[in-house]
Amino acid sequence: MPVTRRALLGLGAGGLAATVAAGVAGCSGSDRGPEPEPYCTSQLKLARHNSLKNATFVYDPDQQPTSFRFDRGFYGQLGTWLEDYLTLSGTSRPDQVWTYGSWLDGHPQCDSWHDAGRAFDLSRLVSEGAVQVSCRYDIWSTYTGTRLTHFRTRYWALAASLHLHFEYVLTHLYNADHHNHIHIDNGRSGSGLSSFDTDSVSQVQAVQAILTHLWQTPVPITGQWNRQTKNATGDVLDGTEVGGTIDDGDDHWRTFLRRSATRSKP
Ligand SMILES: [Zn+2]
């Protein structure tokens, strides 16, 4: 539960940041077929970074600037994602990226991509002290009216861009462990952009939430691919160069996500 988790994380000093993510259930494993297996990478082999594209990393539990260890390729992909997100969403450049961590010492299980420095728990983007977009569902879900709509819209536009750049993305819909951050890793998608799998609960959940909250096409958020969801993605792609529905191929899936990421204003 978020409260328990926050209490736990609240114990963490900055240096502990990478370790606490270890307790995050649901940041490992998968909900579909065979895929590359996570592994452990020694921290000695991973560079520490205190910023992403000049935006300082801040450890959310203690709100202190903190450095985190990353796999080199994954860190590069995070930077590429951030630039693309800012362009698509029209969001001004953040000066802080808030997080619950990246690498952790996963021994002996080594069953999470965090253990390889190829996962990141994103909580907020902040500019001049103002939260631009928040993955703290535990906070913004208590808001009402236009304030709720604002934060929910920005959350799902952000999630759309993350789903474009990373195939394994866990939002607040996945489970309560993700009520205060969005988990992303490149375990499945490697150095490429993501592909869509109708059997992926986390991807289908996101599609259904994006349709409901960004496209005013409410569909039941079940995580199960169905005709109603498929047809609604066709409405979004209608009139685009690719057309079709998102299960037709990578171009369709990615066009849907790019278009969705631009809809960050309620
Ligand atoms: Zn995670």
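As the structure is a computational prediction, the values presented were derived from the model and not from experiment. (Residues numbered from 1 in each chain as written. Predicted model: local features only at pLDDT ≥ 70, side-chain atom pairs only at ≥ 80, totals over all residues. Heavy atoms only, no water.)

### Here we look at the overall build of the protein chain
Just so we agree on the cut-off: Secondary structure counts use DSSP, requiring at least four H or I residues in a row for a helix and at least two E residues in a row for a strand, with both numbered from the N terminus. Note on exposure labels: buried denotes an accessible area under 20% of the residue type's maximum, exposed denotes more than 50%, and partly exposed covers the range between, all computed with a 1.4 Å probe on protein chains only. Every residue pair with non-hydrogen atoms within 4.5 Å of one another is taken to be in contact.
Helix and strand counts for the protein chain stand at eight helices and 10 strands. The buried share of the protein chain, taken over its 266 residues, is 55%. Taking the intrachain contacts of the protein chain between residues at least 6 apart in sequence as the baseline, contacts between residues at least 24 apart amount to 63%.

### A word on the nonpolar core
Quick note on the threshold: Joining through side-chain atoms within 4.5 Å is the link that ties buried Ala, Val, Leu, Ile, Met, Phe, Trp, Tyr and Cys residues into a set, and such a set is a nonpolar core.
If you look at the biggest cluster of nonpolar residues, it comprises 54 residues, and the most contacted ones within it are Phe120, Leu122, Leu158, Ile182, Ile184 and Phe256. It is helix 5 (residues 145-165) that provides the largest number of residues to this core, a total of 10 residues.

### A closer look at the packing of helix 6 (residues 201-213) against helix 8 (residues 250-261)
Heads up, the condition is: Note on definitions: angles span 0 to 180 degrees between N-to-C directions of axes, and those axes are lines fitted to C-alpha atoms, for helices only across the stretch in contact. Here the angle decides the label: under 35 degrees means roughly parallel, over 145 means roughly antiparallel, 65 to 115 means roughly perpendicular, and every other value means oblique. Should the near helix be turned anticlockwise from the far one by less than a right angle, the crossing is left-handed, and should it be turned clockwise, the crossing is right-handed. Here the nonpolar group is Ala, Val, Leu, Ile, Met, Phe, Trp, Tyr, Cys and Pro; Asp, Glu, Lys and Arg are the charged ones; every other residue, Gly included, is treated as polar.
Where helix 6 meets helix 8, the axes come as close as 11 Å, and the angle between the chain directions of the two elements is 45 degrees. By the criterion of interaxial angle, the relationship of helix 6 to helix 8 is oblique. Taken as a pair, helix 6 and helix 8 cross one another with a handedness that is left-handed. Each of Gln203, Val207, Ile210 and Leu211 in helix 6 lies in contact with helix 8, whose residues at this interface are Trp253, Phe256, Leu257 and Ser260. Here the residues of the contact of helix 6 with helix 8 are counted per class, giving six nonpolar, two polar and no charged.

### What to know about the packing of helix 3 (residues 72-89) against helix 5
The geometry of helix 3 relative to helix 5 is characterised by a closest axis approach of 10 Å and an angle of 135 degrees between their N-to-C directions. Judged by the angle between their axes, helix 3 and helix 5 are oblique. Of the two elements, helix 3 crosses helix 5, and the hand of that crossing is right-handed. Seen from helix 3, the contacting residues are Gln77, Thr80, Trp81, Asp84 and Tyr85; seen from helix 5, they are Arg154, Ala157, Leu158, Ser161, Leu162, Leu164 and His165. A class-by-class count of the residues in the contact of helix 3 with helix 5 yields six nonpolar, four polar and two charged.

### What about the state of the cysteines?
Selection criterion: By convention in this document, the label disulfide applies to cysteine sulfur atom pairs within 2.5 Å.
Per the counting criterion, the structure on display carries one disulfide. Across the disulfide from Cys40 sits Cys110; the S-S distance is 2.0 Å. Disulfide Cys40-Cys110: the torsion about the S-S bond is -105 degrees, which places it as left-handed. With Cys40 in the loop between helix 2 (17-20) and strand 1 (47-49) and Cys110 in the loop between strand 6 (96-101) and strand 7 (119-127), this pair connects stretches of sequence that are 70 residues apart. Of the residues examined, Cys40 reaches a relative accessible area of 21% and is grouped as partly exposed.

### Description of the confidence of the model for the protein chain
Going by this rule: Confidence scores per residue from the predictor, reported as pLDDT, run from 0 to 100.
Averaged over all residues, the pLDDT of the protein chain is 89; the fraction at 70 or higher stands at 87%. Confidence drops under a pLDDT of 50 for residues 1-26, and excluding neighbours within four residues, the segment shows 51 contacts in the predicted structure.

### Examining the pattern of salt bridges
Heads up, the rule is: Throughout this description, the term salt bridge denotes a Lys or Arg side-chain nitrogen within 4 Å of a carboxyl oxygen of Asp or Glu.
Applying the stated rule across the entire model yields six salt bridges. Salt-bridge contacts for Asp60 lead to Arg136; the nearest nitrogen and oxygen are separated by 2.8 Å. One end of the pair, Asp60, is in the loop between strand 3 (55-59) and strand 4 (64-65); the other, Arg136, is in the loop between strand 8 (130-134) and helix 4 (137-140), and 76 residues separate them in sequence. Arg136 shares its class with Asp60; the two are buried. A salt bridge links Asp138 to Arg136; its shortest N-O distance comes to 2.9 Å. Neither residue differs from the other here; Asp138 and Arg136 are each classed as buried. A cluster of three or more residues bridged by salt bridges with shared partners is formed by Asp60, Arg124, Arg136 and Asp138.

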